[in-house]
Amino acid sequence: MAGYVGDVAVAYDRDLGRVLFEQYAFDIARRTAENPVNDVLEVASGTGIVTRQLRNVLPENAKLTAIDISDSMMDVARTKFLPHEQITLQIANAVALPFNNQVFDAVVCQFGLMFFDKDAAFRETYRVLRHGGRYLFSVWDSRDYNPYASLTFEVMQQFFPIDPPRFLESTVASFEIDPIKEKLIRAGFERINISVQRREYDIDDIGAFARGLIFSPIINEIRERGEVDPDVITDELANRFSIKYGLNPTRFPMQAILFEVEKL
């Protein structure tokens, strides 16, 4: 994922992983393993949060391949696996998959679709799936249901009223179901099941969570403007979260949309 380099990848995994991604990772991995599979591909695997859960629940002899475009993200992911585990981690692009036709029983992508061209990604996924194979992917619902994005953007507007950094807004920009459904149909997919997934998480360290959000790729936009200390923004964001959602712990809501589709 563009912008997830160096320390940003570490903060993403450490400060955001448990809050935003782990519950969804458990669920999408479990759903993937419900059907018999021998070869599974994870796209936009990042720091291996879903990858680790997939490896935990897939049959021991099933092969798992995880791809991402960020070396830094993959470096973090590599620390989560032992040499004997059936897993391949490699740099690759979701819209130009370096695999032959019809080689995977399932393709999984959690919260990556907003970062690349959907039509191209769907075509490539369809191409590498075997007949009867499944494609499971999730996107964030709108900012109305995801305060990690909406409150951060409000704080950005507070500090940068003319030109606020907008990276996190892009992560909640793929919530419209019908356009995604139409693209899937055009790519050839059938049996499209869609579900809305509401979650909550108790955050014990809201400061660390706020820091993870500010030191995501949005930090590059903040530094380009050079007007405000990022730590000041982090403190304000943590304060806004605690005011709205409580403290010790902060009961934090989020909402995603899961697509489960099949290649007949």
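Higher on the page you've got the structure.
Report on the accompanying structure.

Quick word on the overall build of the protein
Line of reasoning, step 1. Secondary structure summary: the protein contains ten helices and seven strands in total.
Line of reasoning, step 2. Overall, the protein is about 50 × 40 × 35 Å in size when its C-alpha atoms are taken along their principal axes.
Line of reasoning, step 3. Among the 264 residues that make up the protein, the fraction classed as buried is 56%.
Line of reasoning, step 4. Just so you have it, the protein exposes about 11500 Å², and 47% of that area is on carbon and sulfur atoms.
Line of reasoning, step 5. The centroid of the 29 positive side-chain charges in the protein is displaced by 5 Å from the centroid of its 39 negative side-chain charges.

Details of the sheet that holds strand β7 (residues 250-262)
Line of reasoning, step 1. Reading across from one edge, β3-β2-β1-β4-β5-β7-β6 is the order of the seven strands in this open sheet, with mixed pairing throughout. Both edges of this open sheet fall to β3 (87-91) and β6 (190-203), since each of them pairs with a single strand only. The mean inter-strand angle of the sheet, taken between neighbouring strand axes irrespective of direction, is 15°.
Line of reasoning, step 2. For strand β2 (residues 63-68) and β3, the ladder comprises five bridges, and the chain directions are parallel. From the neighbouring strand, A66 faces β3, where its bridge partner is L89.
Line of reasoning, step 3. Strands β1 (39-42), β2, β3 and β4 (104-110) of the sheet are contacted by helix α2 (residues 49-57), whose axis makes an angle of about 175° with β2.

Structural notes on the side chain of E260
Line of reasoning, step 1. For E260, the position within the fold is in strand β7.
Line of reasoning, step 2. Reaching out from E260, the side chain makes a polar contact with the side chain of R31 at a distance of 2.9 Å.

Things to note about the packing of aromatic side chains
Line of reasoning, step 1. Taken as a whole and assessed by the stated rule, the structure comprises 19 aromatic pairs.
Line of reasoning, step 2. Look at Y24 and W140: their rings are 5.6 Å apart centre to centre, the planes differ by 90°, and that puts the pair in the edge-to-face class. With Y24 in helix α1 (residues 7-33) and W140 in strand β5 (residues 129-140), the pair connects residues that are 116 residues apart, well separated along the chain. Judged on exposure class, the residue Y24 and its partner W140 are both buried.
Line of reasoning, step 3. An aromatic cluster is present here, built from Y12, F21, Y24, F111, W140 and Y148 joined pairwise through their rings.
Line of reasoning, step 4. Geometry around F215 places R211 over its ring, the cationic atom sitting 3.9 Å from the centre.

As for the pairing of β4
Line of reasoning, step 1. Of all seven residues in β4, seven are buried; the element is thus mostly enclosed.
Line of reasoning, step 2. As a crossover connection, the stretch from β4 through helix α4 (residues 118-128) into β5 is right-handed.

A closer look at the pattern of salt bridges
Line of reasoning, step 1. Scanning the model with the defined rule gives 23 salt bridges in all.
Line of reasoning, step 2. Between R30 and D27 there is a salt bridge, and its shortest N-O distance comes to 2.8 Å. With a gap of three residues between them, R30 and D27 both fall in helix α1, about one helical turn apart.
Line of reasoning, step 3. We note a salt bridge from R251 to E200, for which the minimum N-O separation is 2.9 Å.

Structural notes on the environment of A33
Line of reasoning, step 1. Considering the arrangement of structural elements, one finds A33 in helix α1.
Line of reasoning, step 2. Along the sequence, A33 and K183 sit 150 residues apart, while their C-alpha atoms lie 25 Å from each other.
Line of reasoning, step 3. Discounting chain neighbours no more than four positions away, the residues touching A33 are V57 and L58.

Digging into helix α9 (residues 218-225)
Line of reasoning, step 1. What α9 keeps buried is the set I218, I219, E221 and I222. Around the axis of α9, the buried residues are gathered within 160° of arc, so they sit on the same side. What points out from α9, more than 90 degrees from its buried face, is the exposed set R223 and E224.
Line of reasoning, step 2. Of the residues flanking the end of α9, it is G226, one or two places downstream, whose phi is positive at about 60°.

Thoughts on helix α10 (residues 230-245)
Line of reasoning, step 1. An ideal rise of 1.5 Å per residue puts 22 Å on 16 residues; α10 measures up with 22 Å between its terminal C-alpha atoms.
Line of reasoning, step 2. Along α10, the residues classified as buried are P230, I233, T234, L237, A238, F241, S242 and Y245. Summarising the axial view, the buried residues of α10 lie within an arc of 170°, below the 170-degree limit, and thus occupy one face. Away from its buried face by more than 90 degrees, α10 exposes D235 and I243.

Points about the environment of D141
Line of reasoning, step 1. Assignment of secondary structure puts D141 in the loop between β5 and α5 (147-159).
Line of reasoning, step 2. In this structure, the C-alpha to C-alpha distance between D141 and K263, residues 122 residues apart in sequence, is 25 Å.
Line of reasoning, step 3. Among all residues touching D141, those that are not within four sequence positions of it are N146, V172, F175, V196, Q255, A256 and I257.

What counts and what doesn't
Residues numbered from 1 in each chain as written. Predicted model: local features only at pLDDT ≥ 70, side-chain atom pairs only at ≥ 80, totals over all residues. Heavy atoms only, no water. Helix = DSSP H or I, 4+ residues; strand = E, 2+ residues; numbered from the N terminus. Buried < 20%, exposed > 50% of the residue type's maximum accessible area, 1.4 Å probe, protein only. Areas by Shrake-Rupley, 256 points an atom, 1.4 Å probe, with all protein chains shown as cover. Lys, Arg positive; Asp, Glu negative; His and termini not counted. Charge placed at Lys NZ, Arg CZ, Asp CG, Glu CD. Pairing = 2+ DSSP bridges. Axes fitted to C-alpha atoms, helices over the stretch in contact; angles between N-to-C directions. Contact = heavy atoms within 4.5 Å. Polar contact = N/O pair within 3.5 Å; in protein donor to acceptor, adjacent residues only side chain to side chain. Phe/Tyr/Trp six-rings, centres within 6.5 Å; stacked < 30°, edge-to-face > 60°. Lys NZ or Arg CZ within 6 Å of the ring centre and 35° of its normal. Right-handed = clockwise from strand over helix to strand, strands pointing away. Salt bridge = Lys/Arg side-chain N within 4 Å of Asp/Glu carboxyl O. Arc of directions from axis to C-beta. Expected span 1.5 Å × (residues − 1).

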